[in-house]
Amino acid sequence: MELRQLSYFVTVAEELHFGRAADRLHIVQSAVSQQVRRLERELGAALFDRSPRHVRLTGAGERLLPEARAVLAAAERARAVVRERSSLRLGTSTGLGEHLDRLLGDLAVLAPDTAVQLVSAAFRDRLEQVADGRLDAAFVRSLEPVPGVQITPVGKDPLVVALPAVHPLARERDVALADLAGLQLCMTTRRNNPALVDMVVEACHSAGFEPPPGPVTGSLQDILATIGAGSVPMWTVVYAAHARVLLSPRIAFRPFRAPGLALPIGLAVRRGTPSAGAEVLLKALTALPDSSDHDD
């Protein structure tokens, strides 16, 4: 049994899709499938129930998953103790922009010998990896309590509306949420970002309407392409910092009319026993200026 095989198995278990797992690992899908099958042969049990429509963990796979994560975390700790430089494994997500830049800038001053490894993962995966030690810390857009994890507020992340550039609302300086009542809402699944989905849906309810659901697509690029096609009027929300670097002639980004929409940003670390890297990161966090000065 190799660490590589366990790593591939865990990634597929988190994605429940061999193609997406390969993208995360930056290797071809056939290599992931091959190593997982070798692991299954060595263990004498199928770890995944595969079909053309879905990939699911078998009972054996569900029992192996926490053990595999523990082995990988232990291996990473072993590597860390022999490194000349201290390291920090930091979970990130799309659109953090200046929040991430400012924190890493202060960290570079406080601990210039710390090597930072940025890891992109879905919301739930980031929290799980912090709780079991695979990540030292992670940015999350939620302050809700999580078992085994403590979350320190960092600031707020304003949202803007993305809608077809040809829609009449695109000519407005800002958009009231209630004006979107007749358009389909196209968003990621709740599993990928529960805080975002819940906040937007609840805000629509407060504005007096139930947003008709649009098609469920994969990445933000897919969502924007679907909206930009313009066959059916649709909208979504995008983090303002991310919208500033997105270029799409078919999409208009407009701020929400006051009071607007914004998600809190927190830094998640392991409760009780944060790593040395996480401790340094928390010190860097206290060195940041008042985050409200940077909200926009």
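Asks: How would you explain the nonpolar core if you had to name every residue and give the values?
Replies: It is characteristic of soluble globular proteins that their nonpolar side chains tend to be buried jointly. One finds Leu177, Leu180, Leu196, Val200, Trp235 and Phe256 to be the most contacted residues of the largest nonpolar core, which totals 26 residues. Contributing elements (two or more residues each) for this core: strand 6 (149-164), helix 7 (194-206) and strand 8 (234-239). Residue contributions to this core peak at seven residues, all from helix 7. Those residues in contact with Val200 that lie beyond four places of it in its chain are Leu185, Met187, Trp235 and Val237. Leu6, Val32, Leu64 and Leu65 belong to the second-largest nonpolar core, a separate cluster that totals 19 residues.

Asks: Go over the state of the cysteines, please, and point to the residues and values.
Replies: Considering all chains together, one arrives at zero disulfides under this definition. Cys204 supplies the cysteine sulfur nearest to Cys186, a cysteine that is in no disulfide, at a spacing of 13 Å. Assessed through its relative accessible area of 0%, Cys204 is described here as buried.

Asks: Hey, could you go over the pattern of salt bridges for me, with residue numbers and the actual values?
Replies: Two side chains carrying opposite charge are able to pair once their charged atoms lie near each other. With the rule as written, the count across this model stands at 13 salt bridges. With a shortest N-O distance of 3.4 Å, Glu15 and Arg20 are connected by a salt bridge. Its relative accessible area of 41% is what places Arg20 among the partly exposed residues. Note that Arg141 is salt-bridged to Asp157, the shortest N-O span being 2.9 Å. Here Asp157 lies in strand 6 and Arg141 lies in the loop between strand 5 (137-140) and strand 6, a separation of 16 residues in the sequence. Shared partners join several salt bridges into a network, and the residues in it are Glu14, Glu15, Arg20, Arg24, Arg69, Glu128, Asp132 and Arg134.

Asks: For the environment of Arg89, give the residues involved together with the corresponding values.
Replies: Mapped onto the secondary structure, Arg89 falls in strand 3 (residues 87-92). Here Arg89 falls in the buried class, since its relative accessible area comes to 10%. Those residues in contact with Arg89 that sit more than four places away from it in its chain are Glu76, Gln117, Gly133, Arg134, Leu135, Asp136 and Ala137. Polar contacts involving the side chain of Arg89 include one to the main-chain carbonyl oxygen of Arg134, which spans 3.0 Å.

Parameters at a glance
- Residues numbered from 1 in each chain as written.
- Predicted model: local features only at pLDDT ≥ 70, side-chain atom pairs only at ≥ 80, totals over all residues.
- Heavy atoms only, no water.
- Core = buried A, V, L, I, M, F, W, Y, C linked by side-chain atoms within 4.5 Å.
- Buried < 20%, exposed > 50% of the residue type's maximum accessible area, 1.4 Å probe, protein only.
- Helix = DSSP H or I, 4+ residues; strand = E, 2+ residues; numbered from the N terminus.
- Contact = heavy atoms within 4.5 Å.
- Disulfide = S-S within 2.5 Å.
- Salt bridge = Lys/Arg side-chain N within 4 Å of Asp/Glu carboxyl O.
- Polar contact = N/O pair within 3.5 Å; in protein donor to acceptor, adjacent residues only side chain to side chain.

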